[in-house]
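Notes for the structure review
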Amino acid sequence: MVFPFKNKQPKIMKIHLSLLFFLIFSVNSFSQINKDHDSTAIFILDKMADVIGDLQSVTFELDNSTDQFDSNNNIEKQYSTSTISFSGPNKLRVKIEGTNGTKGFWYDGSYLSFYNFDENNYVTLEAPETTLEMIDEMHVNYDFQFPAADFFYPNFTDDMMEQFDSIKFLGKKTIDNEECYHIMATNSELNVQLWISNKTYLLPKHFVMIYKNKSNLQYESTFKSWNLNPDIPDAAFDFLPPPRARLISILKKS
Amino acid sequence: MTKENINFKYILATVLLFIALILPSEIMAQRMGHGASRGGGRTMSRGGGHSMSRPSSRPSNNRATTNRSSSRNKATTRPSTSNRTPSRSINGGHTKNKSRDFSKNKMPNRSTNRATNNKSTRDRSATGDRSSRDKSAPKLDTRNRKTSNVKDRSGNRGNGNRGNNINSGNRRNINIDNSRTVNVNRRNTYVRPSPRRYSRPPYAYGGYRYYCHRPYFYHPFVPFYWGPYYHPWGYFVTSLATTAIIVSIVNDNDDDDDEEYHYENGNYYLKTEDGFVAVQAPVGAEVPDIPDEAEKVEVNNTTNYYYGGAFYEQNKDGYIVVPATAGTIVPGLPEGGEEVKIGDVTYVQFGDTYYQPIQVDGKDMYEIVEVKKE
């Protein structure tokens, strides 16, 4: 009589455990349901990331408009045009010309140089081995902004899915005589809208970021002049300081 | 009959001529058609004859085809192609979570996902290739490049070890040791807050706010010289004139500082083993007179005198060195300053004092920045 009783206890334990597991899984699945991701949108984002991931080198231009607060808390627009070249996993060249002056980045796999054309001074820093690690590190340490860098992360779609509660496909729209897939991604802070070109390759055409908590400040960019897999000489990514340019120090952000 | 024969011959000749003319272009068209339908690269990699017939000026079309690169490898014309192709991707290729399961995808940490072992080894081999190439063809050497001095505000702020030694480099062509180190004493670069309210929003960077009354206007930092008697910091002399005096320092709370300052014509010297070295003016030093080159600056509704990077207040006994006050505008800065990029702006830094380049009535000047922690 004793044994059956003793045997019963583990059974109850098992039931308890399975209930616990069931609860944990149900809670987990509930948290997944909270995110509303449209499979068409994800498919388009994946295809675009596939195309970008297969590129060996690329050059393109980017027209930006950025909203900033002025001294009276009014929104002030800043415009710039960037010319961006990626080559292989460890070469990057960016030139930014706009209302905030002319600046350039050169990354040759070992060093990153930032040159301010207006001030004729530059900063050269030792940099990580790959372009994306470099972008991450320089952004964290020195607040360097590399335009449209987000699109070049290898897990772009996963990052989007993690960051945004809702990703929706809003249909085909025409921008600049190009048929584009319109995708909107939102969370509590951001509203991001992407227009991905369906002309020849699935490449980004336009995007807008709206900061919901900051008076709906907008960051807007248009991609143009895509040149896929151009043969760029490595020397183009080496920075040669212009005459009388001054190497200056830099303050780390934190 | 003969007419018919001739006619027939003519027709036959015309037909033959027509066929002879048409046939090669048809064959060509077929070949082109094959190429187009199958994809140029693949057709070429299949048949040896085809690839032979193609001029070698189009090798780049076939970089991605593995068949071709392997056959090319045998010929050892382009051995590195097959190795290079995968590593050349600008971001290592698109990686995605196939199951699209969010619970597993909690942390697609960018750095860990990207820095895969494969990639890093591939990268290294690529750089190795490159250095060997560099050896064969002498090029601009960018490997051992001089890098910027990186400054860090966090942590050891104020312990005196950081940024005190400012190497002013080889800019000056005066008969002094160019490799000298100018020691900027942090105690003497303390900035008093501005009594005026700032109407401009501060510039925020890295947890600090930088306040200025006037807008940023960059001009390159060129050390200013205050006439023939002025000696920049670090200037060494073996002996001082008999007119030099030993200055008394008032309001000095630091007990560890028992150094004697010698003052002569607006310059302060510290005694060393071999002689005297010019240093920045110690805050609290009282001197009977300052050079005529000293300029009047308006600080906190009182008149201060500015000479050699030091601020003086006049009292009944003479002049006393006072700390810099934020918002003060000065026309020039002495040697020993360092241009520092702080976010989007470039300031000149002396120890704890930051000077913002500004322009007043068309003249290049500096305003002392008020730095506050957020």
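For clarity, every value in this text was computed on a predicted model and none was experimentally measured. By convention here, each chain's residues receive numbers from 1 onward along its written sequence. As a convention, the first chain written is A and the first ligand written is 1, with the rest following in written order. Only residues with pLDDT of at least 70 are given local features in this predicted model, and only at 80 or more are side-chain atom pairs given and counted; all residues enter the totals for whole chains, interfaces and linings.

1. Some points on the sheet that holds strand E5 (residues 203-205) of chain B
Residue and element names in this part refer to chain B. We treat two strands as partners when DSSP finds at least two bridges between them. Secondary structure counts use DSSP, requiring at least four H or I residues in a row for a helix and at least two E residues in a row for a strand, with both numbered from the N terminus. Spatially, E5-E6-E23 is the arrangement adopted by the 3 strands of the open sheet, whose pairing is antiparallel. In the strand order of this sheet, the two ends are held by E5 and strand E23 (370-373), each with one partner. Averaged over all pairs of adjacent strands, the angle between strand axes in this sheet comes to 25 degrees, irrespective of strand direction. Inspection of the sheet shows strand E6 (residues 208-211) paired to E23 by 4 bridges, in the antiparallel sense. By the bridge assignment, Tyr210 is partnered in E23 with Val371. Note on geometry: axes are lines fitted to C-alpha atoms, helical ones only across the stretch in contact, with angles between N-to-C directions running from 0 to 180 degrees.

2. What about the nonpolar core?
All names here are of chain A. A set of buried Ala, Val, Leu, Ile, Met, Phe, Trp, Tyr and Cys residues, joined through C-beta atoms within 7 Å, is what we mean by a nonpolar core. Here exposure depends only on C-beta density: within 10 Å of a residue's C-beta, 20 or more other C-beta atoms make it buried, 12 or fewer make it exposed, and intermediate numbers make it partly exposed, the C-beta atoms being placed from the backbone. Judged by nonpolar contacts, the single largest core of 98 residues is most densely connected at Leu112, Ile183 and Ile196. No other element matches helix H2 (residues 39-53), which puts 6 residues into this core. Those residues in contact with Ile183 that lie beyond four places of it in its chain are Ala41, Ile44, Leu45, Ile167, Lys168, Phe169, Leu170, Gln193, Leu194 and Ile196. What counts as a contact is two residues whose backbone-derived C-beta atoms lie within 7 Å of each other.

3. Details of the interface of chain B and chain A
Listed as interface residues are 51 residues of chain B and, on the opposing side, 55 residues of chain A. Of all the secondary-structure elements, those providing two or more residues to the side of chain B that touches chain A are helix H6 (110-114), helix H7 (117-136), strand E1 (150-152) and strand E19 (338-342) of chain B. In terms of residue count, the dominant contributor to the side of chain B that touches chain A is E19(B) (5 residues). Residues were grouped as follows: Ala, Val, Leu, Ile, Met, Phe, Trp, Tyr, Cys and Pro as nonpolar; Asp, Glu, Lys and Arg as charged; and all remaining residues, including Gly, as polar. Tallied by class, the residues present in the side of chain B that touches chain A amount to 12 nonpolar, 23 polar and 16 charged.

4. Overview of the environment of B:Lys146
Following the sequence through the fold, B:Lys146 ends up in the loop between H7 and E1. You can call B:Lys146 exposed: it has 9 C-beta atoms within 10 Å.

5. Overview of the sheet that holds strand E20 (residues 345-350) of chain B
With respect to topology, 7 strands assemble into an open sheet ordered E1(B)-E14(A)-E19(B)-E20(B)-E21(B)-E22(B)-E18(B), the strand pairing being mixed. Looking at the sheet topology across the chains shown, the edges are occupied by E1 and strand E18 (329-330) of chain B. With 2 bridges joining them, strand E14 (residues 249-252) of chain A and E19(B) adopt parallel strand pairing. Each bridged residue has a counterpart across the sheet, and for A:Ser249 the counterpart in E19(B) is B:Val340.

6. Structural notes on H2(A)
Residues and elements named next belong to chain A. Taking 1.5 Å per residue as the helical rise, H2 with its 15 residues ought to reach 21 Å, and the 20 Å between its terminal C-alpha atoms agrees with that figure. All buried positions along H2 are accounted for by Ala41, Ile44, Leu45, Met48, Ala49, Ile52 and Gly53. Taken together, the buried residues of H2 touch strand E1 (36-37), helix H4 (156-163), strand E8 (166-175), strand E9 (178-186), strand E10 (190-197) and strand E11 (203-211). Given a helix with a known number of residues, its expected span is that number minus one, times 1.5 Å.

7. Examining the pairing of E14(A)
Two strands pair when backbone bridges link them, and E14(A) and E1(B) are joined in this way by 3 bridges, in the parallel orientation. Paired with A:Lys252 across the bridge in E1(B) is B:Asp152.

8. Side note on the environment of A:Val140
Residues and elements named next belong to chain A. Within the secondary structure, Val140 is located in helix H3 (residues 131-142). For Val140, a count of 12 C-beta atoms within 10 Å translates into the label exposed. Taking the C-alpha atoms as reference points, Val140 and Lys253, 113 residues apart in sequence, are found 7.4 Å from one another.

9. A look at the confidence of the model for chain B
All names here are of chain B. Confidence of the predictor in every single residue is expressed as pLDDT, which spans 0 to 100. In this model, chain B carries an average pLDDT of 66, and 53% of its residues clear a pLDDT of 70 or more. Of all helices and strands in chain B, the one with the weakest mean pLDDT is helix H2 (residues 40-46) (32), whereas strand E21 (residues 353-360) scores best (93). Confidence over residues 22-86 falls short of pLDDT 50; this stretch has 33 contacts with residues more than four positions distant or in other chains. Low pLDDT (under 50) marks residues 102-137, which in the prediction has 42 contacts with non-local residues, meaning those over four places away or in another chain. For this predicted complex, the interface confidence score (ipTM) comes to 0.76, while the overall pTM stands at 0.68.

10. A word on the confidence of the model for chain A
Residue and element names in this part refer to chain A. The predicted model of chain A averages 86 in pLDDT, with 87% of residues at 70 or higher. Between the elements of chain A, mean pLDDT differs from a low of 49, seen in helix H1 (residues 2-33), to a high of 95, seen in strand E4 (residues 92-98). Predicted confidence is poor over residues 1-8, with pLDDT under 50, and the contacts of this stretch with residues over four places away or in other chains come to 0 contacts. Contacts of residues 27-32 to residues separated by more than four positions or lying in other chains number 3 contacts, the stretch itself having pLDDT below 50.

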